[in-house]
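Spelled out, the chains give:
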Amino acid sequence: MILNTITYTCIGIGCFFNLMAAIGLHRFPDPYTRLHAGTKCTTFGSILLIGAVVIQSISTWVAEGISSSQSILTLHALIALVAILLTNPTSSHAIGRAAHRSGVKPARAVVDDLEKEKP
Amino acid sequence: MWLPAAIFLAVCILIVLVRLFLGPTQPDRLVGLDTLNTIVVVTMVILGAAFEEVIYVDVGIVYALLSFVTTLFIAKYIEKGKF
């Protein structure tokens, strides 16, 4: 019973953060702030949603015994979470660097320290 | 309980697709593509839990790693102007 409550809470917060990422892509003015919305919010939402899947499948695994088919679902969901956690910050860093070097300026920026570092 | 969450994430994917088509500059479209890839991976894991099929989760893992390589290559293309 309490596991179901935790699972529903995780699903609700995860879906809310993914919706905030989708709306933030439309509300922010330039690629850097859109990167802020589109990467951090989806990473946090992914942690909670895949965590809900892992909690539910572990409870089924414990209920069905050691040779249940839920063990494969648990381990593969954890591997997918690790893949997201490794690749998402790296790709956002690459996008930010590529956007700055291709000449897109931040909207309404006052200080741009990376401009002085240009070789 | 999993299927409404998957439908909700599909609506989020449609909202992100609008930014992917509208984006005024190239980095805007790339940010939209990166966000869309993450939401698609989460949707595949949710669908795997909904239909009790592990193969969907495996598809999600492979999609995450391949979309990472794709994003890095497109970022390099935007940075230099050539591959």
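A. Just the overall build of chain B, in detail. Within chain B, the secondary structure is distributed over 3 helices and 0 strands. Helices and strands appear in chain B in the N-to-C order α-α-α. Projecting the C-alpha coordinates of chain B onto the three principal axes gives extents of approximately 45 × 25 × 10 Å. Residue burial in chain B is summarised as follows: out of 83 residues, 43% are buried. Sequence-distant contacts, at least 24 apart, represent 46% of the contacts inside chain B between residues at least 6 apart.

B. Inspection of the interface of chain B and chain A at higher detail. The partner chain A presents 40 residues to the 37 residues of chain B that form the contact. For the side of chain B that touches chain A, the secondary-structure elements that each account for two or more residues are α1 (2-22), α2 (26-51) and α3 (54-80) of chain B. When residues in the side of chain B that touches chain A are grouped by element, the largest group, 15 residues, is from α2 of chain B. Of the residues in the side of chain B that touches chain A, the class split is 25 nonpolar, 7 polar and 5 charged.

C. Geometry of unusual backbone geometry. Residue and element names in this part refer to chain B. The residue Glu52 is not glycine, and still its phi comes out positive at about 60°. Its location among the elements puts Glu52 in the loop between α2 and α3. Its 13 C-beta neighbours within 10 Å are what place Glu52 among the partly exposed residues.

D. Up close: the nonpolar core. Judged by nonpolar contacts, the single largest core of 47 residues is most densely connected at Ile50, Val53, Ala77 and Ala80 of chain A together with Val45 and Ile46 of chain B. Of all the elements, α2 of chain B adds the most residues to this core, at 11 residues. For Val53 of chain A, the residues in contact, after removing those within four places along its chain, are Ala77 of chain A together with Val45, Ile46 and Ala49 of chain B.

The rules behind these values
- Residues numbered from 1 in each chain as written.
- Chains lettered and ligands numbered in written order.
- Predicted model: local features only at pLDDT ≥ 70, side-chain atom pairs only at ≥ 80, totals over all residues.
- Helix = DSSP H or I, 4+ residues; strand = E, 2+ residues; numbered from the N terminus.
- Buried ≥ 20, exposed ≤ 12 C-beta atoms within 10 Å, placed from the backbone.
- Contact = placed C-beta atoms within 7 Å.
- Nonpolar A, V, L, I, M, F, W, Y, C, P; charged D, E, K, R; others polar.
- Core = buried A, V, L, I, M, F, W, Y, C linked by C-beta atoms within 7 Å.

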